[in-house]
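Structure at a glance
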Amino acid sequence: MITVRSATPDDTAEILRIIRQLAVFEKSPGTVVISEDVLRADGFGDSRRIEVLLAESDGRVCGTIVLYHAYSSWAGAPTLTVHDLYVEEDARGAGAGRALLSAAAKLAAERGCCRMDVNVLAWNTAARKFYETLGFTHIDEWLPYRLDKAGLEKLAAKAPQE
């Protein structure tokens, strides 16, 4: 039996444990630099930046979904973005991923969001198929671009002075 609940500050170590597992799964071990203190502040502090839901099986955390809000200027409504979704390997196929996404969709609907977005690595065909079975569609005409920290600082240095 899978249950889903909102994470609490006491869950910070478990959240970080699963984030590290996700990094290994995504072939990026050792790249997680977030600390429990930062995760606690950003997930549960006065200026929350993320929201985390946990999937549990038999009282044990087996998956997480990390969410954040964005905004659609065209729709004039908030959007909910799934930043991370990860279910431990031994819990896959039991409905934890579906339960986490359903709970996130419920939050999005209750908050008046016009959509829910998720990014998937191109090589992760299992995840892509999973999202498609839930009604997510791949947007061929949009390509993700990223400016890393060094690039961000370089571009920021070119900003006009006030």
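The paragraphs below set out a description of the structure included in this document. Note that the coordinates shown come from a computational prediction; the quantities given were computed from them, not determined experimentally.

**As for the nonpolar core**
- Membership of the largest hydrophobic core comes to 22 residues, with the highest contact counts inside it found for Ile65, Leu67 and Leu101.
- In terms of residues, this core owes the most to one element, helix 3 (residues 96-110), which gives 6 residues.
- Beyond its immediate chain neighbours, meaning those up to four positions away, Leu101 contacts Ile65, Val82, Leu85, Met116, Phe130, Tyr131, Leu134 and Phe136.
- In this structure, Leu16, Ile18, Ile19 and Leu22 belong to the second largest nonpolar core, which totals 12 residues.

**Quick notes on the packing of aromatic side chains**
- As enumerated under the stated definition, the model contains 4 aromatic pairs in all.
- Centroid distance Phe25 to Tyr86: 5.9 Å. Interplanar angle 55°. Geometry classified as tilted. With Phe25 in helix 1 (residues 12-25) and Tyr86 in strand 4 (residues 77-87), the pair connects residues that are 61 residues apart, well separated along the chain.
- Residue classification places Phe25 among the partly exposed residues on the basis of a relative accessible area of 30%.
- Both rings, one in Tyr131 and one in Phe136, keep their centres 5.4 Å apart while their planes meet at 70°; by these two values the pair is edge-to-face. Take Tyr131 and Phe136: they sit in the same class, and that class is buried.
- A network of ring pairs unites the aromatic residues Phe25, Tyr86 and Trp123 as a single cluster.
- Taking NZ or CZ as reference, Lys27 lies 3.6 Å from the ring centre of Trp123, over its face.

**Looking at helix 3**
- Between its first and last C-alpha, helix 3 extends 21 Å over 15 residues, near the 21 Å set by a 1.5 Å rise per residue.
- When helix 3 is considered as a whole, its buried residues turn out to be Ala96, Gly97, Leu100, Leu101, Ala104, Leu107 and Ala108. Buried residues in helix 3, looked at end-on, bunch into an arc of 130°, giving them a common side. Residues Lys106, Ala109 and Glu110 are exposed on helix 3 and point more than 90 degrees away from its buried face.
- Where helix 3 ends, the next residue or the one after it, Gly112, has phi of about 75°, a positive value.

Rules of the game
- All chains use their own residue numbering, which begins from 1 and follows the written sequence.
- With the structure being a predicted model, the display of local features is reserved for residues of pLDDT at least 70 and the display and counting of side-chain atom pairs for 80 or more, all residues being used for whole-chain, interface and lining totals.
- In computing side-chain values, all of the structure's heavy atoms are included and hydrogens and water are not.
- The set of buried Ala, Val, Leu, Ile, Met, Phe, Trp, Tyr and Cys residues whose side-chain atoms join them within 4.5 Å is what this entry labels a nonpolar core.
- Burial classes follow relative accessibility: with a 1.4 Å probe on protein chains only, a residue under 20% of its type's maximum area counts as buried, one over 50% as exposed, and anything between as partly exposed.
- Put simply, DSSP H or I for four residues or longer makes a helix, DSSP E for two residues or longer makes a strand, and each gets a number counted from the N terminus.
- Here a residue-residue contact requires only that any non-hydrogen atoms of the pair lie within 4.5 Å.
- By convention, a stacked pair of Phe, Tyr or Trp rings (six-membered ring in the case of Trp) has centres within 6.5 Å and planes under 30 degrees apart, an edge-to-face pair has planes over 60 apart, and any other such pair is tilted.
- Geometrically, a charge over a ring is one whose NZ (Lys) or CZ (Arg) sits within 6 Å of the ring centre while staying within 35 degrees of the ring normal.
- Expected helix span is computed as 1.5 Å times (number of residues minus one).
- Think of it as the arc spanned by the lines of direction from the helix axis to the C-beta atoms.

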